[in-house]
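# Coordinates in review
Next come the chains, spelled out residue by residue.
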Amino acid sequence: MKRVVITGMGIVSPVGTGIDYAWENLLDGKSGIHKITDFDTEEIASKIAGQPHRGTEPGDYNPDAVIEPREQRKLDNCILYGLVAASEAIKDAGLEDYTGDKERVGVSVGSGVGGLASISATDNDIIEHGSRFVSPFFVPKSVINMTSGHISIRYGFGGPNIAMATACATGAHSIGEGAEIIKRGDADIMICGGTEAAVCPLGMIGFAAMRALSTRNDDPEHASRPWDKDRDGFVMGEGAGILVLEEYEHAVKRGAKIYAEVAGFGMSADAHHITAPAPNGEGGKRAMLIALDKAGLKPEDIDYVNAHGTSTGLGDLGELVAVKELFGNGNTCMSSTKSMTGHLLGAAGAIEAIFCALAIRDNIVPPTINLENPIEEVGDFNLVPNIAQKREVNATLSNSFGFGGTNASLILKRVK
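Residues numbered from 1 in each chain as written. Predicted model: local features only at pLDDT ≥ 70, side-chain atom pairs only at ≥ 80, totals over all residues. Heavy atoms only, no water.

All right, on to helix H4 (residues 116-129) then. The end-to-end C-alpha separation of H4 is 20 Å, in line with the 20 Å expected for 14 residues at 1.5 Å each. Among the residues of H4, Leu116, Ser118, Ser120 and Thr122 are the ones counted as buried. Of the surrounding elements, those touching the buried residues of H4 are helix H5 (138-142) and helix H8 (201-209). The first or second residue beyond H4 is glycine 130, which carries a positive phi of 100°. (Helix = DSSP H or I, 4+ residues; strand = E, 2+ residues; numbered from the N terminus. Expected span 1.5 Å × (residues − 1). Buried < 20%, exposed > 50% of the residue type's maximum accessible area, 1.4 Å probe, protein only. Contact = heavy atoms within 4.5 Å.)

So, in structure tokens, the structure goes:
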């Protein structure tokens, strides 16, 4: 059986662009959630979000350093985020000037909703000005597979090129399926992850209409509070996470840096409801069990769980019950980094896989901030409240659960 390892990572996130900057802020418990200033939110119930800070300082999101400004006009932010994160990941992996067989390098980068802002803006243009004002770049800016396409074209990667769209499980599914492509021998390297840019009027209004979003508008940094009694919904976030996956022997042969091994990948369906999780998190629990089985690990082998943990009532509770049933008798801890980033929808699983790999690298786990008044079901289970914890981390599990009842669990482990 072929082994798959992570040899490069890149991130654009509300807590920083670049893995070192994002990781430092995450461990310091810094929230990336602020009031929205890009558009008028007067008619929108939720006026806060986690967005990458655009600028030219270290840790800022600066697409000009990667893509010519005139070319950026042809791209939705969803694609731009993915390209910037991919640029970092590919450089980190030492693949910028790759001289190997590029037909053995593929891309698996998805999105939950794709170019939502471009779709909304184009529809408004048609209503106000007529069809002659529609840009010829509208469709290429909007469809979900275009981030994968642009990465492939930019670097000449001619291997498998796919894009998952499984709501909030997209990033994790993209990584898991990328690993499977390598394991079955269809590629040596896969560029994998998720990207999302849904903080726009249509995205915010749509999720607000479901009463899914926090309305703690006067205190944005404390709005995302998983497992806290005072939580009132999730906070929208956007950005991208990209990982370079590589067949282990191929990575060793070229002397690549290795962060961790993708040891297990589990998928399941709740078969229950379009938005509500199955009772007691049963669907997610099955995904975790499948991932453990494929990794050849036992529950007690998992040191850290990065939770889906969105800060919603049913979702938080269901996942907590399932995780406690599986891991509650051991030394496993769990935290939700969404308490700092907000929920990046299709990109969430990708940036959270990056956080798991860094936890293994540095033997430290990030906190769940704003956990001040835990729900009773928490009991004495370690949710890493408010302060990062130094501990030995050899294996991690990351959960991503999406609308439609789709579930994904990824297990990463230290390469020894």
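This next bit is on the environment of alanine 263. If you trace the backbone, alanine 263 turns up in strand E9 (residues 260-269). C-alpha of alanine 263 to C-alpha of alanine 295: the two residues are 32 residues apart in sequence and 4.8 Å apart in space.

A few words now on the pairing of strand E1 (residues 4-13). Of all 10 residues that make up E1, 10 are buried, and the element is covered over most of its length. Strand direction decides the pairing type here: E1 and strand E8 (residues 239-247), joined by eight bridges, are antiparallel. The residue bridging methionine 9 from the neighbouring strand is leucine 243, located in E8. Pairing of E1 with E9, which is carried by two bridges, proceeds in the antiparallel orientation. From the neighbouring strand, valine 5 faces E9, where its bridge partner is glutamate 261. (Pairing = 2+ DSSP bridges.)

Next up on the list: the pattern of salt bridges. Summed over all chains, the structure comprises 13 salt bridges. Each of the salt bridges in this network shares a partner with another, and the network as a whole consists of Arg225, Asp228 and Glu372. (Salt bridge = Lys/Arg side-chain N within 4 Å of Asp/Glu carboxyl O.)

Taking 1.5 Å of rise per residue, the 15 residues of helix H11 (residues 313-327) would be expected to cover 21 Å, and the 21 Å separating its terminal C-alpha atoms lies within 8% of that figure. Taken together, the buried positions of H11 are occupied by Asp316, Gly318, Glu319, Leu320, Val321, Ala322, Val323, Leu326 and Phe327.

In this section: the packing of aromatic side chains. A complete count under the given rule lists five aromatic pairs for this structure. Ring geometry for tryptophan 23 and phenylalanine 355: centres 6.3 Å apart, planes at 25°, overall stacked. Linking tryptophan 23 in helix H1 (residues 19-27) with phenylalanine 355 in helix H13 (residues 348-362), this pair joins segments that are 332 residues apart in sequence. Residue classification places tryptophan 23 among the buried positions, given a relative accessible area of 4%. On the basis of an interplanar angle of 15° and a centroid distance of 5.6 Å, the ring pair of tyrosine 155 and phenylalanine 157 is categorised as stacked. (Phe/Tyr/Trp six-rings, centres within 6.5 Å; stacked < 30°, edge-to-face > 60°.)

Right, let's get into the side chain of glutamate 238. Along the chain, the position of glutamate 238 falls in the loop between H8 and E8. The side chain of glutamate 238 sits in the buried core without any salt bridge; arginine 54 is the nearest counter-charge, 9.7 Å away. A polar contact is formed between the side chain of glutamate 238 and the backbone nitrogen of alanine 198, at a distance of 3.3 Å. There is a polar contact of 3.1 Å between the side chain of glutamate 238 and the backbone nitrogen of valine 199. Contacts of glutamate 238, omitting those with residues within four sequence positions, involve Val12, Ser13, Pro14, Gly50, Gln51, Pro52, Tyr81, Glu196, Ala197, Ala198, Val199 and Leu344. (Lys, Arg positive; Asp, Glu negative; His and termini not counted. Polar contact = N/O pair within 3.5 Å; in protein donor to acceptor, adjacent residues only side chain to side chain.)

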